[in-house]
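So the chains spell out like this:
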Amino acid sequence: MPLALLALAVGAFGIGTTEFVMMGLLPNVADDLHISIPTAGHLVSAYALGVVIGAPLLAAVTAKLPRRRVLIGLMALFVVGNAVSAAAPDYHWLMAARFLSGLPHGAFFGVGAVVATGLVGPERKARSVSLMFLGLTVANVVGVPVATLMGQQLGWRATFLAVSAIGLAAIAALALLVPADHGHGENAGLRGELRALGSLPVWLALGTTVAGFGALFAAYSYVTPMLTDSAGFAEASVTLLLALFGVGATAGNLLGGRLADHSLRGTLFGGLGALVLVLLLFPVLMRAEWSAAVGVTLLGMAAFTTGSPLQLMVMEKAAAAPSLASSANQAAFNLANAGGAWIGGLALAAGFGVTSPAVAGAALAVFGIGVAAVAYGVDRGRGYGAEASGRLVAEHVPSTPADAPHP
């Protein structure tokens, strides 16, 4: 695999760290800025809002620019957002800075996925996307715990300074390792990107993402009370168990990338089916500590097995102009986060028990399988077989040879 994928993974690592670290630093931020923890929680929402708005917007306005330049610019915006977060004098400045930090998130992964698939042959496209996402999953295993500990020991501002430094390292790696390219909107342009985004197959692919990852977040948003109230873990053990989720997510991400190169549809349906099974078993798995640890790991593995196939499927459906659709898929991930948490909360509020969000998540995953099946039917109706359609990316996405000279 080309070294350029390492540069994308470094950027993904920084983005994943800053996205999730705020959850662990909420008490520290609240104390320092003299606000309540629920008020500090709005900082998480501000970042997510930035992702949802920034993903399609920045992908659209950069449609005709060279991809390497776009990636470097997005990471520069990421550095600025985190640096401003570290220097924020009050809550309102920090809110604006977190929104700014979220703006480049979706576009970076969207454009990065197009670059990653262009660096390799048709038989390794899903694996190239999974290696970029590896930075995101490793961030949950290493980056977030270390950054949280740093924030607790040195102050939360030190965490965002460190994340800014990671962003600078990513900029250097992108400049050195990603091959130079020409404008990537020569044939499509903004109108072509918007036209590709408006097709039914693209929206079905995005709907599968929302339902599939909404299933994950319906359960994961409430995994801490499941582990403490049902499985009997002490609160101090939760951080280690969440790291196990990250380990499972990393393994699932790599497995999904490898399998999807052989059968994109098969991997997607298999991953969603495994997610349904794990979520249905959650009420049983949460009855003992050892089985709860296994369940958390399997949850991460099953969910992230579908990550690369979903990203590649969206790009496939907008094969002539994939950047905007690929970035929109990242917005769909964040909508899944918010929507899944809301649905899981409804199950809890209805009094169905502490593990009920997992069952609600299983229902969402079943719905995701249904949306994916409709998408498959639409493909067949248009004359594309499951595996033939999976190769459309190779045929239509402009490719940069893996051995292209680096600048």
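These numbers were taken from a predicted model, which means no experiment stands behind them.

Structural notes on the overall build of the chain
Logical step 1: Along the backbone of the chain there are 18 helices and zero strands.
Logical step 2: Burial analysis of the chain (407 residues in total) assigns 56% to the buried set.
Logical step 3: Restricting to contacts in the chain with at least 6 residues of sequence separation, those with at least 24 account for 84%.

Focus on a nonpolar patch on the surface
Logical step 1: Taken together, the side chains of Leu-49, Ile-53, Leu-57 and Val-61 define a hydrophobic patch exposed on the protein surface, amounting to about 360 Å² of accessible area.
Logical step 2: Along the chain, Leu-57 turns up in helix H3 (residues 42–61).

Notes on the confidence of the model for the chain
Logical step 1: Summarising the model, the chain shows a mean pLDDT of 85, and 90% of its residues fall at 70 or more.
Logical step 2: Predicted confidence is poor over residues 182–187, with pLDDT under 50, and the contacts of this stretch with residues over four places away or in other chains come to 15 contacts.
Logical step 3: Scored below 50 in pLDDT, residues 385–407 shows 50 contacts in the model against residues more than four places distant or in partner chains.

A word on the nonpolar core
Logical step 1: In this structure, Leu-8 and Leu-216 are the most contacted members of the largest nonpolar core, which totals 98 residues.
Logical step 2: Looking at this core element by element, the count peaks at ten residues for helix H9 (residues 200–220).

Some remarks on unusual backbone geometry
Generally, phi is negative for residues other than glycine and the peptide bonds are trans, each holding for most cases.
Logical step 1: At His-34, a residue that is not glycine, the phi angle is positive and equals roughly 60°.
Logical step 2: Structurally, His-34 is set in the loop between helix H1 (4–33) and helix H2 (37–40).
Logical step 3: With relative accessibility at 72%, the residue His-34 sits in the exposed group.

Section: empty space enclosed by the protein
Logical step 1: Tallying each qualifying case throughout the model produces one cavity of 30 Å³ or more.
Logical step 2: Put simply, the largest cavity is a space of about 290 Å³.
Logical step 3: Leu-136, Phe-213, Phe-217, Phe-304 and Phe-333 are the residues nearest the centre of the largest cavity, which is lined by 18 residues in total.
Logical step 4: Listing elements by their share of the lining of the largest cavity, those giving two or more residues are H1, helix H6 (125–154), H9, helix H11 (238–260) and helix H15 (322–349).
Logical step 5: Considering only residue class, the lining of the largest cavity consists of ten nonpolar, seven polar and one charged.

A word on helix H13 (residues 289–305)
Quick reminder: α-helices carry 3.6 residues per turn. Residues three or four places apart thus point the same way.
Logical step 1: Here H13 contains 17 residues, and its C-alpha end-to-end distance of 25 Å stays within 8% of the 24 Å for a straight helix at 1.5 Å per residue.
Logical step 2: Check the buried side of H13 and you find it contacts H6, H9, helix H10 (223–230), H11, helix H12 (264–285) and helix H14 (307–317).

Some thoughts on the packing of aromatic side chains
Note on aromatic pairs: each is described by the distance of the centres and the angle between the planes.
Logical step 1: Tallying each qualifying case throughout the model produces seven aromatic pairs.
Logical step 2: An angle of 75° between the planes, with centres 6.3 Å apart, marks the rings of Phe-245 and Phe-304 as edge-to-face. One end of the pair, Phe-245, is in helix H11; the other, Phe-304, is in helix H13, and 59 residues separate them in sequence.
Logical step 3: Judged by its relative accessible area of 16%, Phe-304 is buried.
Logical step 4: Counting every residue linked through ring pairs, the aromatic cluster contains Phe-213, Tyr-220, Phe-245, Phe-304 and Phe-333.

Quick notes on the pattern of salt bridges
Logical step 1: Under the criterion given, the structure shown has six salt bridges.
Logical step 2: Salt bridges linked by common partners bring Arg-265, Glu-316, Lys-317 and Asp-379 together as one network.

Structural notes on the environment of Leu-176
Logical step 1: Along the chain, the position of Leu-176 falls in helix H7 (residues 156–177).
Logical step 2: Spatially, the C-alpha atoms of Leu-176 and Ala-4 are 8.4 Å apart, while their sequence positions differ by 172 residues.

Some details on the layout of surface pockets
Logical step 1: Of the volumes computed, that of the largest pocket is approximately 1,100 Å³.
Logical step 2: Forming the walls of the largest pocket are 37 residues, and the residues nearest its centre are Phe-20, Met-23, Gly-24, Tyr-220 and Leu-242.
Logical step 3: Among the elements of the structure, H1, H2, H3, H6, H9, H10, H11 and H15 are those that each provide at least two residues to the lining of the largest pocket.
Logical step 4: Partitioned by chemical class, the residues of the lining of the largest pocket number 23 nonpolar, eleven polar and three charged.

Focus on the packing of H6 against H11
Logical step 1: Contact pair H6 / H11: the axes reach a minimum separation of 8 Å and the direction vectors enclose 180°. Considered as vectors, H6 and H11 are oriented roughly antiparallel to each other. Residues Ala-126, Arg-127, Ser-130, Leu-131, Phe-133, Leu-134, Thr-137, Val-138, Asn-140 and Val-141 of H6 touch H11, and the partners they reach there are Ala-243, Gly-246, Val-247, Ala-249, Thr-250, Asn-253, Leu-254, Gly-257, Arg-258 and Ala-260.
Logical step 2: Here the contact of H6 with H11 is built from residues that sort into eleven nonpolar, seven polar and two charged.

Some remarks on the environment of Leu-298
Logical step 1: Within the element layout of this structure, Leu-298 appears in helix H13.
Logical step 2: C-alpha separation for the pair Leu-298 and Gly-248, spaced 50 residues apart in sequence, amounts to 6.1 Å.

Some words on the packing of H11 against H13
Logical step 1: Relative to each other, H11 and H13 sit at 35°, their axes nearing to 6 Å. The hand of the H11/H13 crossing is right-handed. Together, Leu-241, Leu-244, Phe-245, Gly-248, Ala-249, Gly-252, Asn-253, Leu-255 and Gly-256 of H11 and Ala-293, Val-296, Thr-297, Leu-299, Gly-300, Met-301, Phe-304 and Thr-305 of H13 make up the contact between the two elements.
Logical step 2: Residue composition of the contact of H11 with H13, by class: ten nonpolar, seven polar and no charged.

Parameters and conventions
Residues numbered from 1 in each chain as written. Predicted model: local features only at pLDDT ≥ 70, side-chain atom pairs only at ≥ 80, totals over all residues. Heavy atoms only, no water. Helix = DSSP H or I, 4+ residues; strand = E, 2+ residues; numbered from the N terminus. Buried < 20%, exposed > 50% of the residue type's maximum accessible area, 1.4 Å probe, protein only. Contact = heavy atoms within 4.5 Å. Patch = residues over 30% accessible without salt bridge, like charges linked within 9 Å, V, L, I, M, F, W, Y side chains within 5 Å. Areas by Shrake-Rupley, 256 points an atom, 1.4 Å probe, with all protein chains shown as cover. Salt bridge = Lys/Arg side-chain N within 4 Å of Asp/Glu carboxyl O. pLDDT = per-residue confidence, 0-100. Core = buried A, V, L, I, M, F, W, Y, C linked by side-chain atoms within 4.5 Å. 1 Å grid on protein atoms, 1.4 Å probe; cavity = no way out; pocket = protein on both sides within 12 Å on 5 of 7 lines; lining within 4 Å. Points joined across faces, edges and corners; volume = space filled by probe spheres on them. Nonpolar A, V, L, I, M, F, W, Y, C, P; charged D, E, K, R; others polar. Expected span 1.5 Å × (residues − 1). Phe/Tyr/Trp six-rings, centres within 6.5 Å; stacked < 30°, edge-to-face > 60°. Axes fitted to C-alpha atoms, helices over the stretch in contact; angles between N-to-C directions. Parallel < 35°, antiparallel > 145°, perpendicular 65-115°, else oblique. Left-handed = near helix turned anticlockwise from the far one by under 90°.

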